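One letter stands for each residue in the lines below.
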Amino acid sequence: MTTHTETPVSPEQQALEDELVATVVASFDAADNPRLKHVMQSLTRHLHAFIRDVRLTEEEWSKAIGFLTAVGEITDDKRQEFVLLSDVLGASMQTIAVNNQAHKGATDATVFGPFFVDDAPEIPLGGDIAGGATGQPCWVEGTVTDTDGNPVADARIEVWECDEDGYYDVQYSDERIAGRAHLFTDDKGQYRFWALTPVPYPIPHDGPVGKMLAAVGRSPVRAAHLHFMVTADDLRTLVTHIFVDGDPQIEIGDSVFGVKDSLIKQFDAQSPGTPTPDGRSLGDRSWARARFDIVLAPAGV
């Protein structure tokens, strides 16, 4: 075996390294939980394989420990830097791919992101999630059905997004809730609400993950999107976004690899004075409208 720097590794050294891997793997043999045993042993094999593949130096190991320590130190109840790290490494999207296999036209899932908050306020059908967040008003509507086309009544829809400056409410200096809410579908599986037209924004890049992206020449910017989480009895929970057709950032690249073609939707611009679906007066403001029909897979598939 040779390394990327073509430094030869002697058979004796390979045998020494193999013995260590076998010893560490065997240390998990007594685990009572078979799933935990499988995960830990597989993790050990892959981690050691990585270390051996790149011939990790002690200095690099130390820097990696420092990096992970910094990720932990900046994480709190409003900022999850570990989720951010998982996102930018594509680990979040890969986990989603593994756990949300395609099924009879069910809506594609994508990354959860670090800005979800429990207990967002409830709004009625046709309500407004903005809560004072600034941006262009946007009417969003659609239906929730199962994969057989049956409407799903009383499905819970959580929605959240940033303001026009790219900030989520958890990034504000005060404690106000804005740009997020939940609502329920009606007996025909229909939903509708006012939101803000999504805009591209950078993920938080003032911490260790941002420094890593800068070091490798990657942009922290996410394509414009609106988050959804949809739950209903006996159906698979869906975590997804919709993206804005025509957003240049889609072609440049989404920093967390979340874009799927099926989730790119038309956000149709409406001129000032155009009548709104619910008769709301927006004065001289322009607005947009989008439709997103959601299909939920059965639970357990």
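Look up a bit, the structure's there.
**Some words on the overall build of the chain**
Inference 1: Check the secondary structure of the chain and you find 7 helices and 12 strands.
Inference 2: Projecting the C-alpha coordinates of the chain onto the three principal axes gives extents of approximately 80 × 40 × 35 Å.
Inference 3: Relative to its 301 residues, the chain shows a buried fraction of 42%.
Inference 4: Considering only contacts within the chain whose residues lie at least 6 apart along the sequence, 72% involve residues at least 24 apart.
Inference 5: Roughly 16,100 Å² of accessible area belongs to the chain as shown, and the carbon and sulfur atoms make up 54% of that amount.
Inference 6: The chain carries 24 positive and 47 negative side-chain charges, and their two centres are separated by 2 Å.

**A look at the pairing of strand E8 (residues 238-244)**
Inference 1: Burial runs high along E8: 7 of the 7 residues are buried.
Inference 2: Inspection of the sheet shows strand E7 (residues 225-231) paired to E8 by 6 bridges, in the antiparallel sense. Within E8, the residue paired with Met229 across the bridge is Val239.
Inference 3: As paired elements, E8 and strand E9 (residues 264-265) share 2 bridges and run parallel to each other. Each bridged residue has a counterpart across the sheet, and for Phe243 the counterpart in E9 is Ile264.

**Remarks on a nonpolar patch on the surface**
Inference 1: A grouping of Leu43, Leu47, Phe50, Ile51 and Val54 is seen on the molecular surface, where their side chains present a nonpolar patch of about 410 Å² in accessible area.
Inference 2: When you line up the elements, Ile51 lands in helix H2 (residues 34-54).
Inference 3: Taking relative accessible area as the criterion, Ile51 reaches 32% and is therefore assigned partly exposed.

**Remarks on the sheet that holds E8**
Inference 1: Read across the open sheet, the 5 strands follow the order E3-E2-E7-E8-E9; overall the sheet is mixed. The open sheet has two free edges, formed respectively by strand E3 (180-184) and E9, since each of these has just one partner strand.
Inference 2: Of the strand pairs in this sheet, strand E2 (residues 156-160) and E3 are connected by 5 bridges, and their pairing is antiparallel. Within E3, the position partnered with Val159 by the bridge is Ala181.

**Here's the deal with helix H6 (residues 208-215)**
Inference 1: Along H6, the residues that are buried comprise Pro208, Val209, Gly210 and Leu213.
Inference 2: At its buried positions, H6 is contacted by helix H3 (58-74) and helix H4 (81-88).
Inference 3: Count one or two residues on from H6 and you reach Gly217, which has phi positive near 75°.

**Comments concerning the packing of aromatic side chains**
Inference 1: Per the counting criterion, the structure on display carries 11 aromatic pairs.
Inference 2: Ring plane angle 50° and centroid distance 5.1 Å describe the contact between Phe112 and Phe116, whose orientation is recorded as tilted.
Inference 3: Through pairs of rings, three or more aromatic residues link up here, namely Tyr191, Phe193, Phe228 and Phe292.
Inference 4: Directly above the ring of Trp194 sits Arg280, whose terminal nitrogen or CZ lies 4.9 Å from the centroid.

**Thoughts on the nonpolar core**
Inference 1: Residues Val144, Tyr191, Phe193, Phe228, Val230 and Ile294 are the most contacted members of the largest nonpolar core, which totals 44 residues.
Inference 2: Counting residues per element, this core draws most heavily on E8, which supplies 4 residues.
Inference 3: Apart from residues no more than four positions distant in its own chain, Phe193 is found in contact with Ile123, Gly126, Gly127, Ile129, Cys138, Trp139, Val140, Val159, Leu183, Leu226 and Phe228.
Inference 4: Grouped together as the second largest cluster of nonpolar side chains are 9 residues, Phe115, Trp160, Tyr168 and Tyr201 included.

Reading the values: the criteria
Residues numbered from 1 in each chain as written. Predicted model: local features only at pLDDT ≥ 70, side-chain atom pairs only at ≥ 80, totals over all residues. Heavy atoms only, no water. Helix = DSSP H or I, 4+ residues; strand = E, 2+ residues; numbered from the N terminus. Buried < 20%, exposed > 50% of the residue type's maximum accessible area, 1.4 Å probe, protein only. Contact = heavy atoms within 4.5 Å. Areas by Shrake-Rupley, 256 points an atom, 1.4 Å probe, with all protein chains shown as cover. Lys, Arg positive; Asp, Glu negative; His and termini not counted. Charge placed at Lys NZ, Arg CZ, Asp CG, Glu CD. Pairing = 2+ DSSP bridges. Patch = residues over 30% accessible without salt bridge, like charges linked within 9 Å, V, L, I, M, F, W, Y side chains within 5 Å. Salt bridge = Lys/Arg side-chain N within 4 Å of Asp/Glu carboxyl O. Phe/Tyr/Trp six-rings, centres within 6.5 Å; stacked < 30°, edge-to-face > 60°. Lys NZ or Arg CZ within 6 Å of the ring centre and 35° of its normal. Core = buried A, V, L, I, M, F, W, Y, C linked by side-chain atoms within 4.5 Å.

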